[in-house]
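# Working through the structure, step by step
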Amino acid sequence: MLEGLSDFPALGQVHDALVNRFRGSVLKSAFEKKELSVRIRKEELLPVLAFLKSERGFNALNDIIALDNHGPAGKSEKRFSLLYQLYKFPDAARIRIVIDVDEDEAVDSIVSVFKSADWTEREVFDMFGIRFSGHPDLRRIYMEDDFDGHPLRKDFPLIGKEAWPSKK
Amino acid sequence: MSDEIDNYPFFLTKADRFITWAQKNSLWPLGSGLACCAIEMIATAASRFDIARFGMELFRASPRQADLFIVAGTVTNKMAPIVRRLWEQMADPKWVVAMGNCAVGGGPFPTYAVLQGVDRVIPVDVYIAGCPPTPQGLLHGLITLQEKIARSHPTMEIFRPDARRTE
């Protein structure tokens, strides 16, 4: 049992069920500031989310958050982290599923589980260049279609890859 | 014959002055706003500042019915082709006001996503600085535009269609 999780039996049960069901795929769990965060192998993403949705009632995907771990400190870890923020109502319980992705790796699209992930994954693709295999329509969503690069990557210069064209 | 004319009031003026008098006092703005500057533009159109005083109260929903484009707000690179297209759809004669620092030159966004001044895609007649400009600022800009229109020579455009824009 994680420290502090005993005060939240419902969330503790979810965590235990997750660890039992996906033994070996749960890499690390953390409970901090009343928030449960579970790091899993990225191959098990779809089954874990489907399990949490159908059997544990986490019926809403609040957000997908991408982190760029680019930099000298993060050399040993993978380039990106993806955080799937799930929500359960009416119980108002939250759980965060974390996976690590490298620059040349694709992630399973979770549109088949949460339809709302469609545009969210497009946003992650647009801003970070993370590919989602199985996504029905993986296009840019914010930037223009012929835009070069992925702006929220830490090695992307703020003013863009090219200097602005000068006025004629 | 001369008796008949004497019965009617008339005055003499130059064609340019008469045409520009009509044009500057019935500017129909395009009802478009791109960001927070649009809120100030709406405030300017509302009763307190009331641009109906200048014959500009008729915000049109279609560029084909408008002759004044107030570019109010940040022009992103993605929006720039649409702004250009709206401007092209407006019938001549037409005027453009760049409202606010963003439309003037990118404002506080020197980034990959923002066009560094709307004059990179369409010709601008009057620039209004401010973030956002107050309604008074916008009114000052619009009055400046009226003065510019009054100085123009629309009859020259009969022979040189681009005369107004290249003066």
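Small disclaimer: the values here were computed from a predicted structure and weren't measured. (Residues numbered from 1 in each chain as written. Chains lettered and ligands numbered in written order. Predicted model: local features only at pLDDT ≥ 70, side-chain atom pairs only at ≥ 80, totals over all residues. Heavy atoms only, no water.)

## Section: the overall build of chain B
Secondary structure summary: chain B contains 7 helices and 3 strands in total. When the helices and strands of chain B are placed in sequence order, the string is α-α-α-β-α-β-α-β-α-α. Dimensions of chain B, computed from C-alpha atoms along their principal axes, come out at roughly 70 × 40 × 25 Å. Buried positions account for 40% of the 167 residues belonging to chain B. A fraction of 77% describes how many contacts in chain B between residues 6 or more apart in sequence connect residues 24 or more apart. As presented, chain B carries roughly 9,200 Å² of accessible surface, and 59% of it is formed by carbon and sulfur atoms. In chain B, the 17 positive side-chain charges and the 16 negative ones have mean positions that sit 9 Å from each other. (Helix = DSSP H or I, 4+ residues; strand = E, 2+ residues; numbered from the N terminus. Buried < 20%, exposed > 50% of the residue type's maximum accessible area, 1.4 Å probe, protein only. Contact = heavy atoms within 4.5 Å. Areas by Shrake-Rupley, 256 points an atom, 1.4 Å probe, with all protein chains shown as cover. Lys, Arg positive; Asp, Glu negative; His and termini not counted. Charge placed at Lys NZ, Arg CZ, Asp CG, Glu CD.)

## What to know about the pattern of salt bridges
All names here are of chain A. Enumeration according to the criterion identifies 14 salt bridges over all chains in this entry. For the salt bridge of Glu55 with Arg21, the shortest nitrogen-to-oxygen distance reads 3.4 Å. One end of the pair, Glu55, is in the loop between helix 2 (45-54) and strand 3 (60-68); the other, Arg21, is in helix 1 (residues 9-21), and 34 residues separate them in sequence. Taking relative accessible area as the criterion, Arg21 reaches 48% and is therefore assigned partly exposed. A salt bridge links Lys88 to Asp91; the nearest nitrogen and oxygen atoms lie 3.5 Å apart. What emerges from the salt-bridge pattern is a single network uniting Asp68, Arg79, Glu103, Arg153 and Asp155. (Salt bridge = Lys/Arg side-chain N within 4 Å of Asp/Glu carboxyl O.)

## Focus: the nonpolar core
Within the largest apolar cluster, 45 residues are counted, with the highest numbers of intra-cluster contacts made by Leu52, Leu82, Tyr84, Ile95, Ile97 and Ile130 of chain A. If you list the elements that add at least two residues to this core, you get helix 1, strand 1 (26-32), strand 2 (35-40), helix 2, strand 3, strand 4 (80-88), strand 5 (93-101) and helix 3 (117-128) of chain A. Setting aside residues up to four positions removed in sequence, Ile95 of chain A forms contacts with Val14, Leu18, Leu36, Val38, Leu52, Phe58, Tyr84, Gln85 and Leu86 of chain A. Judged by nonpolar contacts, the second largest core, of 21 residues, contains Leu27, Met41, Met56 and Ala72 of chain B. (Core = buried A, V, L, I, M, F, W, Y, C linked by side-chain atoms within 4.5 Å.)

## Looking at the pairing of strand 2 (residues 95-99) of chain B
Residue and element names in this part refer to chain B. The element strand 2 is largely enclosed, with a buried count of 5 among its 5 residues. Handedness of the crossover joining strand 1 (residues 68-72) and strand 2 through helix 4 (residues 80-89): right-handed. In the sheet, strand 2 pairs with strand 3 (residues 126-128) via 3 bridges, with the strands oriented parallel. The partner of Val97 across the bridge, within strand 3, is Val126. Note that the unit made of strand 2, helix 5 (residues 100-105) and strand 3 has a crossover that is right-handed. (Right-handed = clockwise from strand over helix to strand, strands pointing away. Pairing = 2+ DSSP bridges.)

## What to know about the packing of aromatic side chains
One pass over the full model with this rule turns up 8 aromatic pairs over all chains. Ring geometry for Phe22 of chain A and Phe51 of chain A: centres 5.7 Å apart, planes at 75°, overall edge-to-face. With a gap of 29 residues between them, Phe22 of chain A in the loop between helix 1 and strand 1 and Phe51 of chain A in helix 2 connect regions that are remote in the sequence. Each of the two residues, Phe22 of chain A as well as Phe51 of chain A, counts as buried. Measuring from ring centre to ring centre gives 5.9 Å for Phe18 of chain B and Trp21 of chain B, while their planes differ by 25°; the resulting arrangement is stacked. (Phe/Tyr/Trp six-rings, centres within 6.5 Å; stacked < 30°, edge-to-face > 60°.)

## Digging into the packing of helix 1 of chain A against helix 2 of chain A
All names here are of chain A. At a minimum axis distance of 11 Å, the contact between helix 1 and helix 2 shows a crossing angle of 140°. Between helix 1 and helix 2, the crossing angle belongs to the class labelled oblique. Of the two elements, helix 1 crosses helix 2, and the hand of that crossing is right-handed. Contact residues: Val14, Ala17, Leu18 and Arg21 in helix 1; Val48, Phe51 and Leu52 in helix 2. (Axes fitted to C-alpha atoms, helices over the stretch in contact; angles between N-to-C directions. Parallel < 35°, antiparallel > 145°, perpendicular 65-115°, else oblique. Left-handed = near helix turned anticlockwise from the far one by under 90°.)

## Comments concerning the side chain of Gln116 of chain B
Position of Gln116 of chain B relative to the elements: it lies in the loop between helix 5 and strand 3. For Gln116 of chain B, the side chain forms a polar contact with the main-chain oxygen of Val114 of chain B, separated by 2.9 Å. (Polar contact = N/O pair within 3.5 Å; in protein donor to acceptor, adjacent residues only side chain to side chain.)

## Points about the interface of chain B and chain A
Listed by partner, the interface residues are 9 residues for chain B and 15 residues for chain A. Surface buried jointly by chain B and chain A totals about 1,000 Å² across both partners, of which 60% is contributed by carbon and sulfur atoms. Considering only the surface of chain B that becomes buried against chain A, Lys78, Tyr112 and Arg120 of chain B emerge as the three largest contributors, covering 61% of it. Here chain B and chain A share 0 salt bridges between them. (Buried area = accessible area lost by both parts, 1.4 Å probe.)

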